[in-house]
Each structure stands twice: as structure tokens, then as C-alpha cells.
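# Fold and geometry: a report
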Amino acid sequence: MTILSKKITNFNLAALCIAGVTIVLGPITHQVNSTTVALALLVVVLFSATLWGSGPAVLASVLGMLSFNFFFLPPLHTWTIEDPHNWVALAAFLVTALTVGHLSARARRRAEEAEAGRLEIERLYQELRRAFERASHAEALKQSERLKSALLDAVTHDIRTPLTAIKASVTTLLEEASNHNGDKKISLDAAARREMLEVINEESDRLNRFAEGLLELARIEAGELQLQRRWGAMEEIIARALERAAPLLSGHRIAVHIDKDLPVARVDAKALSEVIYTLVDNASKFSPTGSTISVSALKTDNETIQVSVEDEGPGVPEDLRRRVFDKFFRATTNGDLSARRATGTGLGLAIAKGIVEAHGGRIWIESGSKGPRFMFTFPIGNDDITTELNQPEGHDGTTANPDRR
Amino acid sequence: MERLRILIVDDEPQITRVLRTGLKGHGYDVRSASDGTSALETFGDWHPDLVVTDLAMPNLDGIDLCRSIRSLSQIPIIVLSVRGEERTKVEALDAGADDYITKPFGIDELVARVRAALRRASMPSNQETTEAVLLTGHFQIDRGARKVTVRDSEVHLTPKEYDLLVHFILHAGRVLTHRTLLGAVWGGNYTEQTEYLRVFVGNLRKKIEPDPSKPRYILTEPWIGYRFDPGK
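Everything quoted here is computed from the prediction, not taken from an experiment.

## Examining the overall build of chain A
Counting its regular elements, chain A contains eight helices and seven strands. Classification of the 405 residues of chain A by burial places 33% in the buried group. At a minimum sequence separation of 6, the contacts of chain A that also span at least 24 residues come to 73%.

## Describing the overall build of chain B
The number of helices and strands found in chain B is eight helices and twelve strands. Split into buried and exposed, the 232 residues of chain B put 43% on the buried side. Within chain B, contacts between residues separated by at least 24 positions form 55% of all contacts whose residues are at least 6 apart in sequence.

## Here's the deal with helix H5 (residues 107–122) of chain B
All names here are of chain B. Helix length check: H5 (16 residues) gives 22 Å between terminal C-alpha atoms against 22 Å at 1.5 Å per residue, within 8%. Where H5 is concerned, the buried positions are Ile107, Leu110, Val111, Arg113, Val114 and Ala117. Take H5 and look down its axis: the buried residues cluster within an arc of 165 degrees, on one side only. When the buried face of H5 is taken as reference, the exposed residues oriented beyond 90 degrees from it are Ala112 and Arg119.

## Quick look at the interface of chain B and chain A
Listed per partner, the contact involves 21 residues of chain B and 27 residues of chain A. Contributing elements (two or more residues each) for the side of chain B that touches chain A: helix H1 (13–25) and H5 of chain B. Considering each element in turn, the side of chain B that touches chain A owes the most residues, eight residues, to H1 of chain B. Split by residue class, the side of chain B that touches chain A holds eight nonpolar, eight polar and five charged.

## Brief notes about the pairing of strand S8 (residues 147–150) of chain B
Residues and elements named next belong to chain B. Burial along S8 is one-sided: the residues Val148 and Val150 are buried and none of Lys147 and Thr149 is. Bridge count for strand S7 (residues 139–142) against S8 is four bridges, and the pairing is antiparallel. Note on S8: the bridge partner recorded for Gln140 is Thr149. Pairing of S8 with strand S9 (residues 153–155) involves three bridges; the strand directions are antiparallel. Paired with Val150 across the bridge in S9 is Ser153. As consecutive antiparallel partners, S8 and S9 are separated by two residues, and within that stretch Arg151 has a phi angle of approximately 45 degrees, a positive value.

## Some details on the nonpolar core
Core analysis: the biggest nonpolar cluster contains 68 residues, and Ile6, Leu7, Val52, Ile78, Val79, Ala92 and Ala97 of chain B have the highest contact counts within it. The contact partners of Val52 of chain B, leaving out residues within four places of it in the chain, are Ile6, Ile8, Leu19, Ile78 and Leu80 of chain B. Counting residues in hydrophobic clusters, the runner-up holds 43 residues, among them Ala265, Phe286, Val295 and Phe374 of chain A.

## Remarks on the packing of helix H6 (residues 159–170) of chain B against helix H8 (residues 194–208) of chain B
Residues and elements named next belong to chain B. Contact pair H6 / H8: the axes reach a minimum separation of 10 Å and the direction vectors enclose 85 degrees. Relative to H8, the element H6 lies roughly perpendicular. Residues Lys160, Glu161, Leu164 and Leu165 of H6 form the contact with H8, whose participating residues are Phe200, Asn203 and Leu204. Across the contact of H6 with H8, the residue classes tally to four nonpolar, one polar and two charged.

## Structural notes on the sheet that holds strand S3 (residues 50–54) of chain B
Residue and element names in this part refer to chain B. Reading across from one edge, S2-S1-S3-S4-S5 is the order of the five strands in this open sheet, with parallel pairing throughout. Of all strands in the sheet, those bounded by a partner on one side alone are strand S2 (29–33) and strand S5 (99–103). Sheet twist, expressed as the average angle between the axes of neighbouring strands with direction ignored, equals 20 degrees. Strand direction decides the pairing type here: strand S1 (residues 5–9) and S3, joined by four bridges, are parallel.

## Re the environment of Val79 of chain B
Residues and elements named next belong to chain B. Looking at the secondary structure, you find Val79 in strand S4 (residues 77–82). For the pair Val79 and Tyr100, spaced 21 residues apart in sequence, the C-alpha separation works out to 4.6 Å. Beyond its immediate chain neighbours, meaning those up to four positions away, Val79 contacts Thr53, Leu55, Gly62, Lys89, Ala92, Ala97 and Tyr100.

## As for the sheet that holds strand S12 (residues 225–228) of chain B
All names here are of chain B. Spatially, the three strands line up as an open sheet ordered S10-S12-S11, and their pairing is antiparallel. In the strand order of this sheet, the two ends are held by strand S10 (175–177) and strand S11 (218–221), each with one partner. Averaged over all neighbouring strand pairs, the angle between strand axes comes to 35 degrees, with direction disregarded. In this sheet, S12 lies alongside S10 in antiparallel orientation, the contact comprising three bridges. Within S12, the position partnered with Val175 by the bridge is Arg227.

## Concerning the environment of Gln74 of chain B
Mapped onto the elements, Gln74 of chain B comes out in the loop between helix H3 (62–70) and S4. Exposure remark for Gln74 of chain B: the 12 C-beta atoms within 10 Å place this residue in the exposed category.

## Some thoughts on the pairing of S2 of chain B
Residue and element names in this part refer to chain B. With five bridges connecting them, S1 and S2 associate as parallel partners. If you follow Val9 over to S2, its bridge partner there is Ala33. Running through H1, the crossover from S1 to the neighbouring parallel element S2 is right-handed.

## What about unusual backbone geometry?
Of note, the amide linkage connecting Lys103 of chain B to Pro104 of chain B takes the cis form, showing an omega dihedral of -10 degrees. Along the chain, the position of Pro104 of chain B falls in the loop between S5 and H5.

## Points about the packing of helix H7 (residues 269–285) of chain A against helix H8 (residues 348–358) of chain A
Residue and element names in this part refer to chain A. Contact geometry of H7 with H8 gives a least axis separation of 9 Å together with a crossing angle of 145 degrees. Considering how the two elements wind past one another, H7 and H8 form a crossing that is left-handed. Across the interface between the two elements, Ala271, Leu272, Glu274, Val275, Thr278, Leu279, Asp281 and Asn282 of H7 pack against Gly348, Leu349, Ile351, Ala352, Ile355 and Val356 of H8. Its residues assigned to classes, the contact of H7 with H8 comprises nine nonpolar, three polar and two charged.

## Observations concerning the confidence of the model for chain B
As a note on interpretation, predicted positions should not be read in detail where pLDDT is low. The predicted model of chain B averages 88 in pLDDT, with 97% of residues at 70 or higher. Interface confidence for the predicted complex, expressed as ipTM, amounts to 0.75; the pTM equals 0.60.

## Structural notes on the environment of Thr164 of chain A
Here Thr164 of chain A lies in helix H4 (residues 84–177). On the basis of neighbour count, Thr164 of chain A is assigned to the buried category, with 24 C-beta atoms found within 10 Å. For the pair Thr164 of chain A and Glu203 of chain A, spaced 39 residues apart in the sequence, the C-alpha separation amounts to 9.3 Å. The residues contacting Thr164 of chain A, other than those within four sequence positions of it, are Ile15, Lys103 and Pro104 of chain B.

Rules and cut-offs
- Residues numbered from 1 in each chain as written.
- Chains lettered and ligands numbered in written order.
- Predicted model: local features only at pLDDT ≥ 70, side-chain atom pairs only at ≥ 80, totals over all residues.
- Helix = DSSP H or I, 4+ residues; strand = E, 2+ residues; numbered from the N terminus.
- Buried ≥ 20, exposed ≤ 12 C-beta atoms within 10 Å, placed from the backbone.
- Contact = placed C-beta atoms within 7 Å.
- Expected span 1.5 Å × (residues − 1).
- Arc of directions from axis to C-beta.
- Nonpolar A, V, L, I, M, F, W, Y, C, P; charged D, E, K, R; others polar.
- Pairing = 2+ DSSP bridges.
- Core = buried A, V, L, I, M, F, W, Y, C linked by C-beta atoms within 7 Å.
- Axes fitted to C-alpha atoms, helices over the stretch in contact; angles between N-to-C directions.
- Parallel < 35°, antiparallel > 145°, perpendicular 65-115°, else oblique.
- Right-handed = clockwise from strand over helix to strand, strands pointing away.
- Left-handed = near helix turned anticlockwise from the far one by under 90°.
- pLDDT = per-residue confidence, 0-100.

Spelled out as C-alpha cells, the structure:
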């Protein structure tokens, strides 16, 4: 109904406009020549076509022709035409009017179609975006579910295992302590007693390390990691990490390569050393005894240092290369990475990633020549990024912060 | 007397270390392995009297280890598990484990289970026996006459209840999963019908337990199955 009435209105409007032009120009027929009138009427046709479409344009053309003949071509107020030239003019007017009407109506339709197309594309885009948002929401949920089960797994394993060792040790010692009246159920020699105590000591440390790792990760995730940036040499940072890792590396060969002209960098030496320690520790766990672990540091451009730790182990499947940096992710939870079970907390690489990213760098895994290559980069930095007083030192690679040793 | 041999299998070195020392202190000869494959090697070379194994291990896991050992020998196997892994426990028991212990545990608890398992293993009645009269704890069963006596008074059982009780007695002390019991008494097609079992165990308890609401013979292992204690 409304469409039909709108159409009728459009036809009426077109007729009205022709009438308007006729009424305005009619009384002054003698002052204007017929060409002006024809052009004015053509303008109306053009408007009708543009605004209301082809139907009203045709109507306007016909009405315009009639009006032109009746009111403006001599003899006036008759349907006859005196001058044969004016027949030609009238015919030319009609043809022009119809053509103009048709063309502009088509242009209008085209514009409308283009607009409809644009709207459709926009709608599809919105729909796609919503679908994408829903999907990523679902993915986030899945991720958080996975994290929750990983957390549960971590709690089961990382807390229960040390607790089991501690409880078994303590109950053994308690049982021995309550031996009396020659009613001996258990007998431990001094070495066995000492071993039990050592296990308790080591496993309490392990629990503590786990708690500290959780805390550090929570700090990183809350964006509260405070880097203590000072100028430091990679040589020293790597040496410190390897020194700490030495007890883990007795079965492995270590190859260190540091570029001669590596500049000092403005970094948190202790934190970066921790990153390298984690990578080396990881490499030692997942590569066979007797193989080589290579640690190298080089300058990729004037602003970036790249450190890599490569081992000769089986490596990390492509699809897990990002996930190993997720917290609580453990290689052996998938069972396919190594013959040896990871004894770590599943926090080390997540913390390493947090530290590297806090330095404005990034960390990833590549396939090296013989095994996986863990790489990270970070900017050399400058004195502007400062959290405390600078202690610039010589660029001779001997930089150190005595208070942080 | 030669000391009894126990093989401990766990991929956590701290745990094998503690258990080795603790069990040695109790007079056992102990060796350890860090995964299922090397455990099987040690098993073949050393012939232990009992195996204590963790469930989650690289290479051959605890369940496969139980299965492999069962194909070679009837020695008792005790699995170390953690709470919340009921399904894995059931799997391990179905694969041939005799008992389980939940981490963390006291060494006394482990030693008690080790003793019980070794004692059962040394008893001839533990094997499928054709003896005419089964005599254990408070129970006496005349298999020829299918007559059951508990604490010196005779009880009347339906055939299925009788079969169930005999199966319990023959496997006294072991943790028997729902599946195992259903398979043994009703046959392989009924292994998922745990409600059958619940009903029959309930009826059997009414007939043999002094207080069926606090059973002392047929003990429930939550989510897993039952364990039979014949009394002393």
C-alpha cells in the first residue's frame, strides 16, 4: 500500500513540477524564447528521473511536450503548430526528454543498487565480525578451561609429588623414633636417616620454588614485574646462568658463542639470566646425555640483541611451539615430546616469556640444525628507559652490578 | 631367611629414593626403575616378589606395566595413585593390580599393604582352588554341599550370592573392581551392570554381616569396587 501510494505521489509531483514551470513561464511567453522553455522543462524531466525514477520522468516528458506545444509554441493555446520547424523542435524535445529521463533514472537505479550492495556488504561484515567475536569468545573459554585443568594437573603433580616424598620420609623417621622395647619394626642406619632428611629438605625447597614461581607469574600477569635495568654485558649474564645451571649440565657439552662486538644492553641482568637458565635447564631435560647445548648471543641490528639456546633433542612439534610458553603447559602432558618426564613446574617458560616481553622483546622456537632452537630478542635499550639511577659503565663487556651478584 | 624383593617403579626420583630407604629399613630387598620399560627389564632379571608402581609414567605406563607383568606372573602389584584418578585406578586393577595406595601416604600404610599382599600371595588358597572346603577367617564353605558357615552359624545363600561370596573368599584382601566381580560372577556381558552388583552385595551383607550398615567383611572401595576381609 505505502509503496503504491508513494509511486502515485511521485507521478503527481512530476506533473506538479511541469505545471509549476508552465505557470511561471506561461504569462511571460513573449519575453522568453522557446529554447529557454524547452530547457526549463527538460530540467524538470531530469529532476523527476533523478528523484522519482523512470515512470514519473516519462510522464513529465509527455506533459512537458504537451505543455510546450499548447502554451509556448505559436499559435498559443492550440494543439496546432504554425512553423514546421517547431514540429522538429517539439519532436526533438520529446526524444531528448525521454532519453534524459531514461538515462538519469537508470543512473539513479544504479546508485540505489550500489547503495544496497554496500549495505549488504556492511551487514555481512557485521555478521562476520559478530561470528568471529563469538568464536574467539568460545576459544577464550576453551583456553581458560584448558588452563584450569592444567592448573589442576599442576597442583596434583607439583604439590602432591614433593608432599608424597616428604610424608613418606617423615613417617619412616617417625616410625624409627617410636621403636622401643626391642620391638623393632624398622631399622635405619645413619646414612638412611640422613637421606630421609635430605629428601625432606630438597622437597620443601621444591615446594617453595613452585610457590615462588606461581607468585612471579602472578606478578608478571598483573603487569607488576619491576625490571631493574642497568647496563650489562651478555657475556656475564650468560656466564651467570650457566654457572647456576652447572649441576644440571654434567652430562652435556656446552658451547657458548658470543659476538665479539656485542654491545652492552640496558636490561635486568638477573631476570635475563633467569631466562637463559630456564632455556638451558629445559634443553638439558629434553636432550640426550652427552649431546651439546649451544648458547649464542649476537646483534641482529643496531638496536636488537638475539640470544639462542639450541639442543640436540627431539624438538617441539610445530603445533605446540606456542603452547610451551603457556603456564602449566608440560611437554609430557601430551606424552610425545621426550622420553624423560619434565620435572619442572610448567612455569619456567611462561615466566621466561613474561620477562622477555617486559623487556620489549619476544621469544619463540625454531628448528635448529640438530634440534630445537629457543630464541629471544630484546632491544639494547638506552638511558631513557630508566627505573632508577643509571650506572653507565665501560663498553668493554665487563659491566657488572656488584650489589646484584 | 632370604629377604623378600620389592621393585619400585616411579619416574619421580625422590619418591623411589624415599621408598627404597623406607622399605629397606623394613627388611626388604629393594630395587627401583624410573619407567615401565626398564621396570620390565628388572622384573625379568631379578624376579621380585612384589611390584609397587606409579601410574603416570613415560614409555610404558603403570597400566600397561600391570598388564605385562600379569602376562608373566601372579606376583602382587600395588599401584601408587592420586585422588581424583578413580578411572585410572580401576583400569589398573582391571589390568591386574592387586591394590592401590593414594599419594601422599605414610610409609607404615604402604608397608601394611605390602605385608598383606605378600601374605596373600604366599597362601595357596589365593589361587583358584578345587579344595572341597574353604576355610578362612570367620568363613567356612563346603563347596560340595554349597554350605556356608559364618561365625559357626549356617547361612542360606542364593546361587549368585554363593558364587559372589566364593569369589570374594578366593580373592580375599584384593581390591576387586565392579567390572571384575560382574565378569566373574555374571559373565562378560554384564560388566557394566553395577546396579546388579550393588543389590547382590547388599543382600549378601544382610546375610553375613553382623551389622550390614557397618560392613566388616565386604568393604566398599568408593567408585572402584569392593575388598573382602575374611576376619580373624
